[in-house]
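# Geometric and topological summary
Next come the chains, spelled out residue by residue.
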Amino acid sequence: MALKAGIIGLPNVGKSTLFNAITKQNILAANYPFATIDPNVGIVTVPDSRLDKLNKMYEPKSLVPTAYEFTDIAGLVKGASKGEGLGNKFLSHIREVDAIVEVVRCFEDDNVIHVNGHIDPIDDIEVINLELIFADLEIINSRIEKIEKKAVTTKDKDALLELSVLKKCKKSLEENVPLRRLSFEKEELEAIKSFNFITLKPIIYAANVSEEDASIGYNEYTNKVKEYAQNEKSSMIVMSAKMESDLTELDDKEKEELLKEIGIEKSGLSQLVLATYNILGLKTFFTCGKDEVRAWTFKDGMKAPECAGIIHTDFMKGFIKAEVMSCDDLFSYGDEKLVKEAGKLRLEGKDYIMQDGDICYFRFNV
């Protein structure tokens, strides 16, 4: 599935350094605002120990992990919604992603200038959130002006629903409350789906700290970010973009030893990738064989034919059944044949809701 997470933040908070570490690409990371002019896109693989186990069991010719896109979006500044900095160009890039990673500066460094002249992570968060709110409000006000008279006059059911939801959103945003904090019915979300509201997207706050503070896991700034994130029921992780960038130069064994030495159980990048994967409501199923072992991304709640369609549209069109076993059962019994003999291999139909860790063989006829 073509899913995207976008990295945003004020200039000089470590966005591009983080992006470099994630994608192992050498994107320009300069010490001045707007070093990133166009959004850089990189494919990120999702760490999954189950894939390593399946690789050992099947010894396939090809091993393909599941992945999604991370987009590095240039730094926003106060007034972006009114064209300040590089303004609305970047806001349009944010509309195209499914989830937002907001990098927040939580480190002191006299050699790296702060766009506002001082370190205040909550102020930074609120500057960005306010610009995103203004951007959504501009679209809402324009749309209400366009459809309100027609909706009231014609009494069209769909138009009235859209108008009602837009006014609900407008009220929230005018009170500086992002749309992700609101509760929506399914039909309400459908009514505003096409607008791609930025403040409706799920968000993770990545508190970027010094290498020293990364080993501790917090500092006075991160504590403030954590409280802020908890209040709006969002996710937050603490990491050092600089350290993560350095770690990419090491092999897996060296990386593991270094993390253990400094007392970090899991790298910040692994935490970020998994957290982003989770807030998007994503799960993984597998297809396994001697030619290929592959992980596939699907949205929680999808049924078997939809997941078959992720592999190929013909699989969904001609779906008959899915042979399904779980990774846990396969690892427990150690062999597909033994799983089948134990009655753990199932035939599932069109209404089967796929589960994380399912191993599938799709039967179809076109």
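What comes next concerns the included structure. As the structure is a computational prediction, the values presented were derived from the model and not from experiment.

### Observations regarding the overall build of the chain
Along the backbone of the chain there are 15 helices and 12 strands. Burial status across the chain gives 48% buried among its 366 residues. Put simply, of all contacts in the chain between residues at least 6 apart along the chain, 70% involve residues at least 24 apart. Surface summary for the chain: the accessible area is close to 18700 Å², and the carbon and sulfur share equals 48%.

### Notes on the side chain of Asp72
For Asp72, the position within the fold is in strand β4 (residues 67-72). As a buried residue without a salt bridge, Asp72 has its nearest oppositely charged side chain in Lys15, at a separation of 5.2 Å. A distance of 2.9 Å separates the side chain of Asp72 from the side chain of Ser16, its partner in a polar contact.

### Examining the sheet that holds strand β5 (residues 99-105)
A sheet is described by the order of its strands in space; here six strands give the open sequence β2-β4-β1-β5-β6-β7, paired in mixed fashion. With partners counted over all chains shown, the strands left at the sheet margins are β2 (40-45) and β7 (235-239), one partner each. In this sheet, neighbouring strand axes are inclined to one another by 25° on average, regardless of whether the strands run parallel or antiparallel. The sheet contact formed by strand β6 (residues 203-208) and β7 spans five bridges and is parallel. Across the sheet, the residue bridging to Asn208 is Met239, located in β7. Docked against the sheet, helix α4 (residues 121-154) engages β1 (4-8), β5 and β6, running at close to 145° with respect to β5.

### Description of the packing of aromatic side chains
In the structure shown here, the tally under the stated rule is seven aromatic pairs. Both rings, one in Phe285 and one in Phe298, keep their centres 5.9 Å apart while their planes meet at 50°; by these two values the pair is tilted. Linking Phe285 in strand β8 (residues 282-288) with Phe298 in strand β9 (residues 292-299), this pair joins segments that are 13 residues apart in sequence. With a centroid separation of 6.0 Å and an interplanar angle of 90°, the aromatic rings of Phe285 and Phe362 are classed as edge-to-face. In this pair, Phe285 is assigned in strand β8 and Phe362 in strand β12 (residues 358-364), connecting sequence segments 77 residues apart. Just as Phe285 is buried, Phe362 falls in that class too. A network of ring pairs unites the aromatic residues Phe285, Trp296, Phe298, Phe319 and Phe362 as a single cluster. The ring of Phe331 is capped by Lys53, whose NZ or CZ atom sits 5.1 Å from the centre of that ring. Over the aromatic face of Trp296 sits the side chain of Arg294, whose NZ or CZ is 4.1 Å from the ring centroid.

### So, the environment of Asp120
Along the chain, the position of Asp120 falls in the loop between β5 and α4. Remark: the alpha-carbon pair of Asp120 and Cys106, spanning 14 residues in sequence, is separated by 7.9 Å.

### Things to note about the nonpolar core
Residues Leu18, Phe70 and Leu272 are the most contacted members of the largest nonpolar core, which totals 58 residues. Those residues in contact with Leu18, other than ones at most four positions away along the chain, are Ile7, Val103, Met239, Ala241, Leu269 and Leu272. In this structure, Ile144, Val165, Phe184 and Ala191 belong to the second largest nonpolar core, which totals 18 residues.

### Examining the pairing of β1
β1 sits mainly inside the fold: four of its five residues count as buried. Across four bridges, the pairing between β1 and β4 is parallel. When the sheet's bridge partners are listed, Lys4 is paired in β4 with Glu69. Across four bridges, β1 lies against β5 in parallel orientation. Pairing of Ala5 across the sheet is with Ala99, part of β5.

### Digging into the packing of α4 against helix α8 (residues 220-231)
One way to put it is that α4 packs onto α8 with a least axis distance of 9 Å and a crossing angle of 40°. In terms of orientation, α4 lies oblique with respect to α8. Taking contact as the criterion, the partners of Pro121, Ile122, Ile125, Glu126 and Asn129 in α4 are, on α8, Tyr221, Lys224, Val225 and Tyr228. Of the residues that constitute the contact of α4 with α8, the class distribution is six nonpolar, one polar and two charged.

### Section: the pattern of salt bridges
In the structure shown here, the tally under the stated rule is 16 salt bridges. Note that Asp136 and Arg95 form a salt bridge whose closest N and O atoms lie 3.0 Å from each other. On the criterion of sequence distance, the pair formed by Asp136 in helix α4 and Arg95 in helix α3 (residues 87-95) is long-range, its members being 41 residues apart. Residue Asp136 shares its accessibility class with Arg95, and that shared class is buried. One salt bridge in this structure joins Glu162 and Arg143, with 2.5 Å as the shortest N-O distance.

Criteria and thresholds
Residues numbered from 1 in each chain as written. Predicted model: local features only at pLDDT ≥ 70, side-chain atom pairs only at ≥ 80, totals over all residues. Heavy atoms only, no water. Helix = DSSP H or I, 4+ residues; strand = E, 2+ residues; numbered from the N terminus. Buried < 20%, exposed > 50% of the residue type's maximum accessible area, 1.4 Å probe, protein only. Contact = heavy atoms within 4.5 Å. Areas by Shrake-Rupley, 256 points an atom, 1.4 Å probe, with all protein chains shown as cover. Lys, Arg positive; Asp, Glu negative; His and termini not counted. Salt bridge = Lys/Arg side-chain N within 4 Å of Asp/Glu carboxyl O. Polar contact = N/O pair within 3.5 Å; in protein donor to acceptor, adjacent residues only side chain to side chain. Pairing = 2+ DSSP bridges. Axes fitted to C-alpha atoms, helices over the stretch in contact; angles between N-to-C directions. Phe/Tyr/Trp six-rings, centres within 6.5 Å; stacked < 30°, edge-to-face > 60°. Lys NZ or Arg CZ within 6 Å of the ring centre and 35° of its normal. Core = buried A, V, L, I, M, F, W, Y, C linked by side-chain atoms within 4.5 Å. Parallel < 35°, antiparallel > 145°, perpendicular 65-115°, else oblique. Nonpolar A, V, L, I, M, F, W, Y, C, P; charged D, E, K, R; others polar.

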